[in-house]
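Reading the structure
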Amino acid sequence: MAAQKVPNMDPDFARWYREVSMEDSKAQARWVGIDQAIASPSRPMVEVLTRLAFDTKASAGGYKDPALAEKLAAFHDAFKAADADYEPEKRESQVLAACALARLFGWYSLAQLAVTAASFDGARTPALPMDLVGMAEQAIRSLSTARRVRPDVSKLKVTLRDIAYEPDLAAVNLNDPQTLKPVLVGLSNAVNASLKAVVVGVNASADKMSGYMRVVDEELQMLWWLLGERSLDLDQPFDKVENTMQPLVFARELATRTVSSPGPVAITALLARSGLMSRGKLSVVAAANAVPADWATKAVNQLPASPVTTPIHFALDKRVEAGAPDAWAAHWSALCGLAEDASLTPLRLAELFYREHLFLTHG
């Protein structure tokens, strides 16, 4: 049975879904399914959605990965709950996954990070009824700006609330203390409700200021790092770090100092000021082979690197597994569906590696 039409159905979704079906009732049911599917977003769920949307060689359900298999089943179950006649089809699943990601762009940064990293600067271009990658790039800028707006202190003030309580003394007998109990309980409840409202207001104000102070401190630490012109991981001046190592090393050092995803709007400028160039090409394989083995091991230690959403981390992971610079590139290329010599400018390589790190470490 088709779900009832919901008033907040996005007109863009109706337009996008027409590529799959022209039936309004089916579109309405799918919209309800999307709402349910993204109700509790998580990294594994975004991984599944990205694999579906990009129609990757890597299975959306993973390979012996219970978390991905569970999220893929939950994705389809959400649509079955809204429409008992729903049967998963490849093209429809691809479009629905893309629409789900587009909805998440508004508030869940992991969706934005996953899509832009998976695109690998256009090397992967999914056939979709929307510019999903362009939307993700814009969403990163918008969300980053929104999360770094200075709170208006005048709006953080908390005022005392009047206690709206009129005791009913009709049943009170001064010779029987027990008759006062309902009056005192009512007064206690009214006072507690008023105090609770004040506490909620104080906590909300504290959270806003705390969040702002955290991002201010984050950006201050990044500026100190930039002014120091020294790699903290390698204990070397920026200009003494080998050029092929710089994109991954500098990006990770900034990423580990990021407290609020998707990071500051100026992250590309910071990377550029560290000396990374926006011209020339550097391959992922060369960059992964250039960094010290112990640094590579630390960079991917216990992180669930993915051939889809984090191909650069996945390259480091394969390099660490192989234990030799020339024994892993072909395998990485086959699993990622990227050319073995896939290359980017040093600046863009660093930016994507930075985003990958946030995707893997921020929830």
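Scroll up to find the structure.
Residues numbered from 1 in each chain as written. Predicted model: local features only at pLDDT ≥ 70, side-chain atom pairs only at ≥ 80, totals over all residues. Heavy atoms only, no water.

1. Things to note about unusual backbone geometry
- Omega for the bond connecting Ser-261 with Pro-262 falls within 30 degrees of zero, at 15°, which places this linkage in the cis form.
- In this structure, Pro-262 sits in the loop between helix H9 (246-255) and helix H10 (267-273).
- A positive phi angle, near 60°, is found at Asp-121, a position not held by glycine.
- By the element assignment, Asp-121 lies in the loop between helix H6 (109-119) and helix H7 (132-146). (Helix = DSSP H or I, 4+ residues; strand = E, 2+ residues; numbered from the N terminus.)

2. Remarks on the nonpolar core
- Residues Phe-13, Leu-101, Leu-132, Leu-248, Trp-295, Leu-316 and Trp-332 are the most contacted members of the largest nonpolar core, which totals 100 residues.
- When near neighbours in sequence (up to four residues on either side) are disregarded, Trp-332 contacts Val-284, Val-285, Pro-311, Phe-314, Ala-315, Lys-318, Leu-338, Ala-339, Glu-340 and Ala-342. (Core = buried A, V, L, I, M, F, W, Y, C linked by side-chain atoms within 4.5 Å. Buried < 20%, exposed > 50% of the residue type's maximum accessible area, 1.4 Å probe, protein only. Contact = heavy atoms within 4.5 Å.)

3. A look at the packing of aromatic side chains
- According to the stated counting rule, one finds nine aromatic pairs in the structure shown.
- Between the aromatic rings of Trp-225 and Phe-238, the centroid separation amounts to 4.8 Å while the plane-to-plane angle is 50°, which identifies the pairing as tilted. In this pair, Trp-225 is assigned in helix H8 (residues 181-228) and Phe-238 in the loop between strand S2 (236-237) and H9, connecting sequence segments 13 residues apart.
- On the basis of relative accessibility, which here comes to 6%, the residue Phe-238 falls in the buried class. (Phe/Tyr/Trp six-rings, centres within 6.5 Å; stacked < 30°, edge-to-face > 60°.)

4. Concerning the packing of helix H3 (residues 43-54) against helix H15 (residues 346-361)
- Running from N to C, H3 and H15 cross one another at 130°; their axes reach a closest spacing of 9 Å. It follows that H3 is oblique to H15 by the angle criterion. Residue-level contacts link Arg-43, Val-46 and Glu-47 of H3 to Phe-359, Leu-360 and Thr-361 of H15.
- Considering only residue class, the contact of H3 with H15 consists of three nonpolar, one polar and two charged. (Axes fitted to C-alpha atoms, helices over the stretch in contact; angles between N-to-C directions. Parallel < 35°, antiparallel > 145°, perpendicular 65-115°, else oblique. Nonpolar A, V, L, I, M, F, W, Y, C, P; charged D, E, K, R; others polar.)

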